[in-house]
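Next come the chains, spelled out residue by residue.
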Amino acid sequence: MQDAAPKTIFLKDYTPFGWIIDDVHLTFRLHPSATRVISRIRFRPNPDATDRSFFLHGEALKPISAKVDGHEVALRHVDGGIEADVPDAPFNWEAEVEINPEANTALEGLYMSGGMYCTQCEAEGFRKITWYPDRPDVMAQFTVRIESDADHTPVMLSNGNGLYYHQDGTQTPAPNVSIYEDPWPKPAYLFALVAGDLVAHEDTFTTMSGRDVDLAIYVRPGDEHKCAFGMEALKKSMKWDEDVYGREYDLDEFNIVAVDDFNMGAMENKGLNIFNSSCVLASPETSTDGNFERIEAIIAHEYFHNWTGNRITCRDWFQLCLKEGLTVFRDAQFTADMRSEPVKRIDDVLALRARQFPEDQGPLSHPVRPESFQEINNFYTATVYEKGAEVIGMLKTLVGDAAYAKALDLYFDRHDGQACTIEDWIQVFEDSTDRDLSQFKLWYSQSGTPKVTVREDYRDNTFTLHLSQSSAPTPGQSEKLPQVIPVAVGLLNDNGDEVMPTKVLELTEAEQSFSFEGHATRPVPSILRGFSAPVTLEQGIDTARRSFLLSHDTDPFNRWEAGRMLARDSLLTSIRKDAAPNADYLEGLKTVLRDDTLDPAYRALMLAQPSQSELAGVLHQAGDIPDPAAIHAASEAMRDAKAQSWADILPGLYAANQVDGPYAPDAEGAGKRDLANSALGLLTRLDGGATAAKQYAKADNMTLQLAALSALLDAEAGDDALAAFYEQWRDDRLVIDKWFSLQVMHAKPDALAETTQRLTNHIDFDWKNPNRFRAVMGMLAAHHAGFHHESGAAYELLTDWLIKLDPVNPQTTARMCSAFQTWKRYDADRQSLIATQLGRIAGQPDLSRDTSEMITRIQGA
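Structural notes on helix α21 (residues 752-760)
Logical step 1: Of all the positions in α21, only Leu752, Ala753, Thr755, Thr756, Leu759 and Thr760 are classed as buried. Down the axis of α21, the buried set is contained in an arc of 165°. They therefore lie on one face.
Logical step 2: Among the structural elements, α20 (733-745), α22 (770-782), α23 (784-787) and α24 (793-805) are those in contact with the buried residues of α21.

Points about the environment of asparagine 558
Logical step 1: Summarising the element assignment, asparagine 558 is placed in helix α10 (residues 556-577).
Logical step 2: Ignoring anything within four residues of it in the chain, the contact list for asparagine 558 reads Ser526, Ile527, Leu528, Arg529, Gly530 and Asp553.
Logical step 3: Within polar-contact distance, the side chain of asparagine 558 engages the side chain of serine 526 at 2.9 Å.

Notes on the pairing of strand β3 (residues 35-45)
Logical step 1: The pairing of strand β2 (residues 19-29) with β3 spans 10 bridges and is antiparallel. Paired with isoleucine 20 across the bridge in β3 is arginine 44.

Focus: the confidence of the model for the protein chain
Logical step 1: Per-residue confidence for the protein chain averages 96 on the pLDDT scale, and 98% of its residues sit at or above 70.
Logical step 2: Low pLDDT (under 50) marks residues 166-170, which in the prediction has 11 contacts with non-local residues, meaning those over four places away or in another chain.

What about the sheet that holds strand β28 (residues 498-507)?
Logical step 1: Overall, antiparallel pairing links the 3 strands, which are arranged β28-β27-β30 in an open sheet. Every interior strand has two partners, whereas the edge strands, β28 and β30 (524-527), have only one. Here the average twist between neighbouring strands, direction ignored, is 25°.

Regarding the packing of aromatic side chains
Logical step 1: Per the counting criterion, the structure on display carries 43 aromatic pairs.
Logical step 2: Ring centres of tryptophan 240 and tyrosine 245 lie 5.7 Å apart, and the angle between their planes is 50°; this geometry places the pair in the tilted category. Both residues of the pair, tryptophan 240 and tyrosine 245, count as buried.
Logical step 3: Above the plane of the ring of tyrosine 404 lies lysine 396, whose end atom (NZ or CZ) is 5.7 Å from the centre.
Logical step 4: Geometry around tryptophan 823 places lysine 824 over its ring, the cationic atom sitting 4.5 Å from the centre.

Considering the side chain of serine 283
Logical step 1: Along the chain, serine 283 falls in the loop between β21 (272-276) and α2 (289-304).
Logical step 2: Looking at serine 283, the relative accessible area reads 4%, which means it is buried.
Logical step 3: At 2.6 Å, the side chain of serine 283 forms a polar contact with the side chain of threonine 286.
Logical step 4: In this structure serine 283 touches His225, Lys226 and Phe292, once residues within four positions along its chain are discounted.

A few points about the pairing of strand β25 (residues 451-459)
Logical step 1: Relative to strand β26 (residues 462-470), β25 is paired through 9 bridges, and the arrangement is antiparallel. Within the sheet, the bridge partner assigned to valine 452 lies in β26 and is glutamine 469.
Logical step 2: In this antiparallel pair of consecutive strands, β25 and β26, the connection spans 2 residues, and aspartate 460 shows a positive phi of 55°.

Looking at the sheet that holds strand β16 (residues 193-196)
Logical step 1: Pairing in this open sheet of 4 strands is antiparallel, and the strands run β10-β11-β16-β13 from one edge to the other. Each end of this open sheet is capped by a strand with a single partner; those strands are β10 (109-113) and β13 (155-158). Mean inter-strand twist for the sheet, computed between neighbouring axes without regard to direction, equals 15°.
Logical step 2: In this sheet, β16 lies alongside strand β11 (residues 116-120) in antiparallel orientation, the contact comprising 2 bridges. From the neighbouring strand, tyrosine 117 faces β16, where its bridge partner is alanine 195.

Here's the deal with the packing of helix α12 (residues 600-607) against helix α16 (residues 667-687)
Logical step 1: For the pair α12 and α16, the least separation of the axes is 7 Å and the interaxial angle reads 30°. The orientation of α12 with respect to α16, classified from their angle, is roughly parallel. Relative to α16, the crossing made by α12 is left-handed. Touching Pro600, Ala601, Arg603, Ala604 and Leu607 of α12 are Gly671, Lys672, Asp674, Leu675, Ser678, Ala679 and Leu682, all from α16.
Logical step 2: A per-class count over the contact of α12 with α16 returns 7 nonpolar, 2 polar and 3 charged.

Brief notes about the pattern of salt bridges
Logical step 1: Taken as a whole and judged by the stated rule, the model has 68 salt bridges.
Logical step 2: Its salt-bridge partner being aspartate 13, residue lysine 12 comes within 3.4 Å of it at the nearest N-O pair.
Logical step 3: Taking the relative accessible area as the measure of exposure, aspartate 13 reaches 47% and is therefore partly exposed.
Logical step 4: Close ionic contact of lysine 441 with glutamate 423 constitutes a salt bridge, the shortest N to O distance being 2.7 Å. Note that lysine 441 is positioned in the loop between α7 (422-433) and α8 (442-445) and glutamate 423 in helix α7, a separation of 18 residues in sequence.
Logical step 5: Three or more residues are tied together by salt bridges with common partners; here these are Glu636, Arg639, Asp640, Arg685 and Asp714.

Some points on the packing of helix α17 (residues 690-698) against helix α18 (residues 702-714)
Logical step 1: Their axes nearest at 8 Å, the elements α17 and α18 cross at an angle of 150°. Between α17 and α18, the angle is such that the two are roughly antiparallel. Here the hand of the crossing between α17 and α18 comes out left-handed. Two secondary-structure elements touch here, α17 through Ala692, Ala693, Gln695 and Tyr696 and α18 through Leu704, Gln705, Ala707, Ala708, Leu709, Ala711 and Leu712.

What to know about the side chain of arginine 825
Logical step 1: Structurally, the position occupied by arginine 825 is in the loop between α25 (810-816) and α26 (828-842).
Logical step 2: One buried charged side chain, arginine 825, makes no salt bridge at all; its nearest oppositely charged neighbour is glutamate 614, positioned 9.5 Å away.
Logical step 3: Not counting residues within four places of it along the chain, the set of residues in contact with arginine 825 comprises Pro358, Ser613, Ala616, Gly617, His620, Ile625 and Pro626.

A closer look at the nonpolar core
Logical step 1: Trp425, Phe440 and Phe820 are the most contacted members of the largest nonpolar core, which has 222 residues in total.
Logical step 2: With 9 residues, helix α5 (residues 382-399) is the single largest residue contributor to this core.
Logical step 3: Apart from residues lying up to four places away in sequence, tryptophan 425 is in contact with Leu322, Leu326, Ile392, Leu395, Leu408, Tyr411 and Tyr444.

Description of the environment of arginine 44
Logical step 1: Looking at the secondary structure, you find arginine 44 in strand β3.
Logical step 2: Between the alpha carbons of arginine 44 and glycine 18 there is a distance of 8.7 Å; along the sequence they are 26 residues apart.
Logical step 3: Once residues lying within four places of it in the same chain are set aside, the contact partners of arginine 44 are Trp19, Ile20, Asp22 and Pro90.
Logical step 4: In terms of polar contacts, arginine 44 uses its side chain to reach the side chain of aspartate 22, at 2.7 Å.

Analysis parameters
- Residues numbered from 1 in each chain as written.
- Predicted model: local features only at pLDDT ≥ 70, side-chain atom pairs only at ≥ 80, totals over all residues.
- Heavy atoms only, no water.
- Buried < 20%, exposed > 50% of the residue type's maximum accessible area, 1.4 Å probe, protein only.
- Helix = DSSP H or I, 4+ residues; strand = E, 2+ residues; numbered from the N terminus.
- Arc of directions from axis to C-beta.
- Contact = heavy atoms within 4.5 Å.
- Polar contact = N/O pair within 3.5 Å; in protein donor to acceptor, adjacent residues only side chain to side chain.
- Pairing = 2+ DSSP bridges.
- pLDDT = per-residue confidence, 0-100.
- Axes fitted to C-alpha atoms, helices over the stretch in contact; angles between N-to-C directions.
- Phe/Tyr/Trp six-rings, centres within 6.5 Å; stacked < 30°, edge-to-face > 60°.
- Lys NZ or Arg CZ within 6 Å of the ring centre and 35° of its normal.
- Parallel < 35°, antiparallel > 145°, perpendicular 65-115°, else oblique.
- Left-handed = near helix turned anticlockwise from the far one by under 90°.
- Nonpolar A, V, L, I, M, F, W, Y, C, P; charged D, E, K, R; others polar.
- Salt bridge = Lys/Arg side-chain N within 4 Å of Asp/Glu carboxyl O.
- Lys, Arg positive; Asp, Glu negative; His and termini not counted.
- Core = buried A, V, L, I, M, F, W, Y, C linked by side-chain atoms within 4.5 Å.

Shown next, in the form of structure tokens:
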């Protein structure tokens, strides 16, 4: 709990730490409630620092002793840590503290998860382990000695290379000791330790220089059969990073550990990645195609951090996007190469619009590089990650592939082993391309989603595009400057032939015109191809133009976008005028679905329609007040219309995309299953679940089983299957997360709160486990019509649980508060209901700093 008033930290106030650390030696004497941590650290003055006062961070530490050069030193306990008098010269620091991992329910620092010791130190968890300058610009080499009861912790791991490992009796100094040495300097947030009863799935990888690296995924006994896919994903990632970026792994071993209690997806600790078990464990019987793809991407993401995050890290937490935006961009490249580039791009844009656009348009809006924060955990956001990746993508588009590769080589050569800033990153591109990127840098400092408006003109065989850009005010930023926006454009003729291949226009002013000569007939423009910039596009084109692009656009993204916009426009008309779905749209999409030359995964994306939350956002941006019930009704009517209009092709579409042979989580099979399951959802509206029941009965993998169960629940014919599913999987914690989520997802809007409340009373609802909490409460917040039901019951229920969780796990609580960030979209009655709940949270006497900051920002909408 936070006793002091929250303190705001500003980017402009950065100063370097007064001391350089030469090396760190840590000894852990593990005990569930009384772990002793002994630190021996060599400090020397930092010549670049103006302030050499000696302050070390520390929270919830019981002091045992502290010495400077072997002599006891008096400690002054101050807010957030300690101060001490030290010589203005090199000195040795020694300290011993006691910590209680068992009581650490916040899952930051060293904590217990099902009897296993585990750490999570990013962003500021190391200060809960020992006194230390817990900031990313302080980098040092670590040597770690772990001592424990060998019977309960037969495996003990840390960063770097193992010097003594107790399972090798010929080298071990004692049966309960493990020693690790990391030769690469790192900040404390990359420290990791795991100890417990674990088994390893082992393999090796030979690097491009011929070194053999020992690989292992450590799991609880019984989970060994879920490691093979993760190991192959790791090896693919290592090879891809060598082939594409020239980055070779730099230690003798690389370990991954699966942990059940984890606030995030995974953590890139040097040489010892710690993963939420949901992000690494997979088997055909328990994991869907989506799970497999997500696991592959997350393993790649954490591995790629070895260079973009570990070898080169952030100077301060304001630079978080430097490592996260770049690494998200790299993992997106990897997935595109491993699977389908168009499908990956569409998936990424869907995620950006669902998570980042609302963030940029609401009270939680902030720049990709924030200017201030109270709690850095609150800035692990879609803006920093996903928009940060989009900024990297735009930069690559502007300079070209060859110049991007040259700049990255310079970045790695110039800054290896350093803690860097966005200025360092931009400077590398300016130096390698001789291009002024000062205006482009506004993407890091200006918040909000720019809007690009298009006007067209055609005369004298010249086609002209008039483009303008604008950005709405966001918290703390009322005036916006024009940004550099790469607008990828192609031109088509009346027959759908491409008469101008994709060309990137650089929109740098508030208004600009671009002319294309030599066109005897008026061309049809395809604008913002590949979603070349994270903007909204206002074209004012009619249904006929969109239908033409749906049929003929040669850019896969824009062809999908045309269908998406047709669906959106039809839904908006239904919401506003209670009109039937657009028949021309349904017929045009039917033609696309019949086209067997198109990737099944791509056609499945075509079938999906805009989410209800997205529709609410569009209505709000247009000045309308969204009615969640009307949006829900229009969405259901659209699905019914699709089923009726496509009744003649759905059985064949479903049958043609069945996959023969053993299950494999490859892109081809996953695409077919996705399309077949999409067809199944519509077929269920025609046959009442008969086809779904057959699929459920014979399903031999979770992708088919879960899709069939979902369809049965949609048809209100799934009670028996739901009970059977639970009995079959009651001992698999990750599958039971799915069981919980499905029930919330398929609840009727007026019964959502009641259904969710019932599930929270279930014996398997472990609310202290982040995965289980998100499976229920996250799905509650995602159920648009039910969460925003006029009764306000779901608002109250979520608030009750956030108040309960905050003292236990502030980080998960604060992130879940974002469910309320769009509250100003809705009518006065709903706003009043939400305001009451926000006030309840804000009024808690010991509210955490994490949650307090989030609620204050949301209330300020």
